[in-house]
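Architecture at a glance
The residues making up each chain are set out below.
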Amino acid sequence: MKKIKKLVFSVLLSVISMSPVFAEHHEKASVKTSTLKEFRELCGLLEGRWNTDILWINEWPGANAVRGETVKGHSKVTRILDGAALEMKSMQGTEESAWRLYYHPATSQIRSLYLTSGGMVGHGTLFKISDTEYGEKVDGAQKGGGVITGDIKWVFSNDRRSFMLKSKNIKLDGKPLGELKDLYKKVSP
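Residues numbered from 1 in each chain as written. Predicted model: local features only at pLDDT ≥ 70, side-chain atom pairs only at ≥ 80, totals over all residues. Heavy atoms only, no water.

Quick notes on the overall build of the chain
- Across its full length, the chain carries 3 helices and 12 strands.
- The buried share among the 189 residues of the chain stands at 37%.
- Relative to all contacts within the chain whose residues are 6 or more apart in sequence, the contacts with residues 24 or more apart total 40%.
- Carbon and sulfur atoms make up 58% of the accessible area of the chain, which totals about 11400 Å². (Helix = DSSP H or I, 4+ residues; strand = E, 2+ residues; numbered from the N terminus. Buried < 20%, exposed > 50% of the residue type's maximum accessible area, 1.4 Å probe, protein only. Contact = heavy atoms within 4.5 Å. Areas by Shrake-Rupley, 256 points an atom, 1.4 Å probe, with all protein chains shown as cover.)

A word on the pairing of strand β9 (residues 162-167)
- Alternating residues of β9 divide into F163, L165 and S167, all buried, and S162, M164 and K166, none buried.
- The hairpin formed by strand β8 (residues 147-156) and β9 contains 5 residues between the paired strands, and R160 there has a positive phi angle of roughly 65°.
- Two elements, β9 and strand β12 (residues 180-188), share 6 bridges in a ladder whose sense is antiparallel. Of the residues in β12, the one forming a bridge with S162 is K185. (Pairing = 2+ DSSP bridges.)

Some thoughts on the confidence of the model for the chain
- Within the chain, residue pLDDT values average 87, and 84% of them lie at 70 or more.
- Note on residues 5-29: pLDDT under 50 across the span, and 2 contacts to partners over four residues away in sequence or across chains. (pLDDT = per-residue confidence, 0-100.)

Description of the environment of V187
- Structurally, the position occupied by V187 is in strand β12.
- A sequence separation of 138 residues divides V187 from R49, and the C-alpha atoms of the two residues are 5.3 Å apart.
- Those residues in contact with V187, other than ones at most four positions away along the chain, are R49, W50, N51 and R161.

Given below as structure tokens:
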């Protein structure tokens, strides 16, 4: 009789765990995927030199950042490793940053790694929304260990000569930061 009860309980548990309602509630949110073609399109959009207007949404360590202040900067974006990755090197205010973008073939994702001279590290997963818009799910940490999370939209102008990084939900240790509105204007090519 005990074996039958165990069997019935196991079957019942299996049926419940396969239920869409249970699965939605207990699984992680679906991960956005991309194609290699979308990665190459994004590389083509970003490659070149850019002047930047960066709106500090936090007093980032090592950047002499004043929250709410806009600083000028410059970014150079180049394809590296025979086109397998994209590299952005930037100077904004007193901060230097390096960003790498690559395609992960096993997960079908466009991923990024972001590092700053102030000790911030960030990771992202990018995905195409439309011909002029990409989304990015980000997580990272600043030098002291504060956790950074949020979503960013990369919104390109119709002529592809400028784009904005926009977000209203970047958080540090769960506390909302200001609205992200960084502007990039293409210098060349």
